[in-house]
Amino acid sequence: MNIVIIGSGNVAYHLAGMFADSRIPVHQVFGRNEGALTEINSKFKIPVSTTELSDADLYLIAVSDHAVAEVSGTIRRQDCLVAHTSGSLPVDVLRGNYRKACFYPLQTFSKAKRPDFSSIPFFIEADYPGDADMLIELAGKISVNVMESTYEKRKYVHLTAVFACNFVNHLFSRAKEISDRQNIPFHYFKPLIEETVEKISFMEPREAQTGPAVRDDRRILKLHEELLDGTTLELYKMMNQSIKEMYEL
Ligand SMILES: NC(=O)c1ccc[n+]([C@@H]2O[C@H](COP(=O)([O-])OP(=O)(O)OC[C@H]3O[C@@H](n4cnc5c(N)ncnc54)[C@H](OP(=O)(O)O)[C@@H]3O)[C@@H](O)[C@H]2O)c1
């Protein structure tokens, strides 16, 4: 089966790497960013192009959500399967007379860090059962964690990921701003961060909560509020409000 990846950002880069590692040939990576394509070519030895989209049996579109529809409309071939990789787009966003699908990997991808592919949950959706089976088999060569999913479910998978990953990472960035301003090395906090994440493999997140809000320690809450301003202060108050609501304090 001929596979072409469209896009050269974080997901396209790691998909190319995953396929290379799993000895799944990729016919071409197609995109508009020459520098990023050159990096993919030199790293994974996959042919790349900014001008000639190769014929393929499967096109995996890994471009920004806002560009998926437009990019999908440039695929003229009809006898092929086209899948996007977004958690929050329906399959019918794809514009063309080909068979349509979604190949969504639930992981945070940044070029600088290679994730452990073998455990990435893949959420597959396709208009035709045969295509779903084929994508499940393909993802199964990369990961042990592959399942079929509707858009209705996938939307909530992505929403949960925004809370569990994107917001948590943003809080790391805000935390580092605070420690940087006081010249406190952020690496002091790494064991704490690691333990926080590890704990939820052993207990419910709700049971793992510690800190001044869940203890309803108003003296500390007031002290901290005096040390903050702007958006970070609002964030601090909102997080404490959310904790208090959850624990009915
Ligand atoms: N990153 C994640 O953690 C993650 C995880 C799961 C799924 N996804 C999904 O995977 C898809 C790709 O995400 P990403 O993180 O790889 O994005 P990204 O790193 O921001 O890369 C976006 C890619 O889309 C290209 N692009 C943007 N606008 C375009 C246009 N109008 N025409 C042609 N190409 C265009 C960019 O080209 P230039 O470099 O030239 O701008 C780049 O190759 C998205 O649907 C996203 O929701 C992302």
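Scoring rules and cut-offs
- Residues numbered from 1 in each chain as written.
- Predicted model: local features only at pLDDT ≥ 70, side-chain atom pairs only at ≥ 80, totals over all residues.
- Heavy atoms only, no water.
- Axes fitted to C-alpha atoms, helices over the stretch in contact; angles between N-to-C directions.
- Helix = DSSP H or I, 4+ residues; strand = E, 2+ residues; numbered from the N terminus.
- Parallel < 35°, antiparallel > 145°, perpendicular 65-115°, else oblique.
- Left-handed = near helix turned anticlockwise from the far one by under 90°.
- Contact = heavy atoms within 4.5 Å.
- Nonpolar A, V, L, I, M, F, W, Y, C, P; charged D, E, K, R; others polar.
- Domains from an automatic or database assignment.
- Buried area = accessible area lost by both parts, 1.4 Å probe.
- Salt bridge = Lys/Arg side-chain N within 4 Å of Asp/Glu carboxyl O.
- Polar contact = N/O pair within 3.5 Å; in protein donor to acceptor, adjacent residues only side chain to side chain.
- Buried < 20%, exposed > 50% of the residue type's maximum accessible area, 1.4 Å probe, protein only.

With that settled, the discussion passes to the packing of helix α1 (residues 10–21) against helix α2 (residues 34–44). Running from N to C, α1 and α2 cross one another at 15 degrees; their axes reach a closest spacing of 10 Å. The orientation of α1 relative to α2 falls into the category roughly parallel. Of the two possible hands of crossing, α1 and α2 adopt the one that is right-handed. Residues Tyr 13, Ala 16, Gly 17 and Ala 20 of α1 form the contact with α2, whose participating residues are Glu 39, Ile 40, Lys 43 and Phe 44. When grouped by side-chain class, the residues that make up the contact of α1 with α2 number five nonpolar, one polar and two charged.

Looking now at the packing of helix α5 (residues 151–181) against helix α9 (residues 230–246). At a closest axis distance of 12 Å, the pairing of α5 and α9 adopts a crossing angle of 125 degrees. The orientation of α5 with respect to α9, classified from their angle, is oblique. Where α5 crosses over α9, the handedness of that crossing is left-handed. Contacts between α5 and α9 pair His 170, Leu 171, Arg 174, Glu 177 and Ile 178 from the former with Thr 231, Thr 232, Leu 235 and Met 239 from the latter.

On to the domain arrangement of the protein, then. Taken domain by domain, the protein comprises domain 1 (3–149) and domain 2 (155–246). Taking only C-alpha atoms, the centre of domain 1 and the centre of domain 2 are 34 Å apart. The partner domain 2 presents five residues to the six residues of domain 1 that form the contact. Both faces combined, the contact of domain 1 with domain 2 buries some 440 Å², and carbon together with sulfur accounts for 69% of it. Where domain 1 touches domain 2, the interface holds zero salt bridges. Inspection of the domain 1/domain 2 interface yields one residue pair in polar contact (both at pLDDT 80 or more). Considering only residue class, the side of domain 1 that touches domain 2 consists of three nonpolar, three polar and no charged.

Tracing the backbone through its elements, the reader meets Asn 41 in helix α2. By relative accessible area, Asn 41 is classed as partly exposed at 32%. Once you skip the residues sitting within four places of it in the chain, Asn 41 turns out to touch Ile 46, Pro 47 and Val 48.

For the rest of this paragraph, the subject is helix α3 (residues 65–72). Turning to α3, its buried residues are Ala 67, Val 68, Ala 69, Val 71 and Ser 72. Next to the buried residues of α3 lie β1 (3–6), β4 (58–61) and β5 (81–84).

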